[in-house]
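Summary of structural features
So you can see what is in the structure, the chains are spelled out below.
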Amino acid sequence: MDKKLLKVLSWGFLSILLISLGGCHASKNEEKEITVRAGKTDITLFNEEENFTTIMKSFRLEDLEYIKNYESILIIFNAKKPKSINLTEHILNEKGEPKFATSLSSNGRDYNPGATIKGYHLVCDWGEGDFDYYFIIRGDCGLQ
């Protein structure tokens, strides 16, 4: 066989192999892709390397998505579904630290629309251990 043709065939085979391996690698990553959406808005999801306080260091209150009470927040698992999930809501202050319940606040501003910072901690069991995810929104006090 011609050396030039053999070289082209070898590169072609190598390219197909790399694309195949890359495809397998990408689909493995896609297994854990999660989208958090309210209406037409995607909400930023952070992984276990973050927590509420580190997330809030890079956001101002007005940068957070405002989701009214009773609006749906969808958690979409784009490929593989986890074996189990646990979602916990936390009321936070501007630093991302836990805050007392807003319904007990004597500060009238806490009752303004969009004044409540709500942090969500999502724990997914993918079968190989639990993975933690976080997202934060602005919402309304629960009394509205």
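Just so it is clear, the structure is predicted and the values come from calculations on it, not from any experiment.

**Some points on the sheet that holds strand S6 (residues 130–139)**
Across a sheet, paired strands are connected by hydrogen bonds in the backbone, their directions being either parallel or antiparallel. Pairing in this open sheet of three strands is antiparallel, and the strands run S4-S5-S6 from one edge to the other. If you trace the sheet from one side to the other, it starts and ends with strand S4 (84–92) and S6, each paired once. Between one strand axis and the next, the sheet turns by 20 degrees as a mean value, whatever way the strands run.

**A look at the pairing of strand S5 (residues 116–125)**
Within S5, nine of the 10 residues are buried, which leaves it mostly tucked inside the rest of the structure. Two elements, S4 and S5, share nine bridges in a ladder whose sense is antiparallel. Opposite Leu87, over in S5, you have Leu122 as the bridge partner. Here S5 pairs with S6 via 10 bridges, running antiparallel. The residue bridging Lys118 from the neighbouring strand is Ile137, located in S6. Remark: four residues form the turn of the hairpin made by S5 and S6, two consecutive strands paired antiparallel; Gly127 in that turn has positive phi of roughly 95 degrees.

Conventions adopted
- Residues numbered from 1 in each chain as written.
- Predicted model: local features only at pLDDT ≥ 70, side-chain atom pairs only at ≥ 80, totals over all residues.
- Heavy atoms only, no water.
- Pairing = 2+ DSSP bridges.
- Helix = DSSP H or I, 4+ residues; strand = E, 2+ residues; numbered from the N terminus.
- Axes fitted to C-alpha atoms, helices over the stretch in contact; angles between N-to-C directions.
- Buried < 20%, exposed > 50% of the residue type's maximum accessible area, 1.4 Å probe, protein only.

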